Amino acid sequence: MAVTYEQVKAALDPEEPAYDKAAAALGAEALPHLARLVTGDHTMLASKAAYLAGLIGTAQAVDVVQRAARSTHASVRVAAAAAAGKLSSADAGDVLINLIDDSDIGVQKVALRAVPSDAASDALRARVESLSGAKGTSPNQALSREVMARLSDAKGAADTAPPGTTARKKGAATARPTAKTAAKRKPR
């Protein structure tokens, strides 16, 4: 059964759509309708459509999120940045590259938070780094420094992992006790 525009719109009409349920039920067949919505006049529906496309995550979905990232409405670009966080690392980088230094600081903030730790794009890393080292005090300068630290940590972990293994994610369990657990242990 083909997905209709009305079905897609109905899934997005609630104030808080059930995005995961809509993505599973509508799937990639909804993407032409989502593409139409992200370029429409109704910014709330456009924002919701962009986010839903990110959850669907196919190559055509990336195109929809890219369209949303080029919107003249900041709220739609914010949704595109959030949607990019649901895409693969390479696809996320393609969307986020222009949103990192958006003129709207809200868009920048969501885009910075969506940068994947394993961001492969040197251009994306350079954009984040330029924002973190900007002269003066940018509202997102501290956040961009945090993202750079996260990217450096992930790159360092990948660089130091033995060949044929994968690096542990930050926060993964380690054999080394924390200061709290070490203090609880009795000396031997």
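A brief structural summary. (Residues numbered from 1 in each chain as written. Predicted model: local features only at pLDDT ≥ 70, side-chain atom pairs only at ≥ 80, totals over all residues. Heavy atoms only, no water.)

## Topic: the nonpolar core
Leu12, Leu34, Leu52, Leu96, Ile100 and Val115 are the most contacted members of the largest nonpolar core, which totals 54 residues. In terms of residue count, helix α4 (residues 43–56) provides more of this core than any other element does, 8 residues in total. Those residues in contact with Leu34 that sit more than four places away from it in its chain are Val8, Leu12, Ala49, Leu52, Ala53, Ile56 and Val64. (Core = buried A, V, L, I, M, F, W, Y, C linked by side-chain atoms within 4.5 Å. Buried < 20%, exposed > 50% of the residue type's maximum accessible area, 1.4 Å probe, protein only. Helix = DSSP H or I, 4+ residues; strand = E, 2+ residues; numbered from the N terminus. Contact = heavy atoms within 4.5 Å.)

## Quick look at the pattern of salt bridges
Side-chain pairs of opposite charge can arise where the charged atoms are in close proximity. Taken as a whole, this structure holds 3 salt bridges when the rule is applied. Taking the shortest distance from any N to any O, the salt bridge between Asp13 and Lys9 comes out at 3.8 Å. Among the residues examined, Asp13 registers a relative accessible area of 43% and is labelled partly exposed. Looking at Lys9, the relative accessible area reads 30%, which means it is partly exposed. (Salt bridge = Lys/Arg side-chain N within 4 Å of Asp/Glu carboxyl O.)

## Looking at the environment of Ala22
Within the secondary structure, Ala22 is located in helix α2 (residues 19–26). C-alpha separation for the pair Ala22 and Val8, spaced 14 residues apart in sequence, amounts to 8.1 Å.

## Looking at helix α6 (residues 74–84)
Because the α-helix completes a turn every 3.6 residues, residues three or four places apart line up on one side. Among the residues of α6, Val76, Arg77, Ala79, Ala80, Ala81, Ala83 and Ala84 are the ones counted as buried. In this structure, the buried residues of α6 make contact with α3 (31–38), α4, α5 (59–69), α7 (89–96) and α8 (105–114).

## A few points about the environment of Met148
Residue placement: Met148 occurs in helix α10 (residues 141–160). On the basis of relative accessible area, Met148 is assigned to the buried category, the value being 15%. Considered as a pair, Met148 and Val128 are 20 residues apart in the sequence and their alpha carbons are 6.8 Å apart. Those residues in contact with Met148 that lie beyond four places of it in its chain are Arg125, Val128, Glu129 and Ser132.

## A short note on the side chain of Lys48
When you line up the elements, Lys48 lands in helix α4. Here Lys48 sits buried without a salt bridge, and the closest side chain of opposite charge, Asp13, lies 6.3 Å off (N-O distance). Reaching out from Lys48, the side chain makes a polar contact with the backbone oxygen of Leu12 at a distance of 3.1 Å. Not counting the four nearest positions on each side in its chain, Lys48 is found in contact with Leu12, Asp13, Pro14, Glu15, Pro17 and Tyr19. (Lys, Arg positive; Asp, Glu negative; His and termini not counted. Polar contact = N/O pair within 3.5 Å; in protein donor to acceptor, adjacent residues only side chain to side chain.)

## Some words on the packing of helix α1 (residues 5–12) against α3
Running from amino to carboxyl end, α1 crosses α3 at an angle of 65 degrees, the nearest separation of the two axes being 9 Å. Here α1 runs over α3; the crossing is right-handed. Seen from α1, the contacting residues are Tyr5, Val8 and Leu12; seen from α3, they are His33, Leu34, Arg36 and Leu37. Looking at the contact of α1 with α3 residue by residue, the class counts come to 5 nonpolar, 1 polar and 1 charged. (Axes fitted to C-alpha atoms, helices over the stretch in contact; angles between N-to-C directions. Left-handed = near helix turned anticlockwise from the far one by under 90°. Nonpolar A, V, L, I, M, F, W, Y, C, P; charged D, E, K, R; others polar.)

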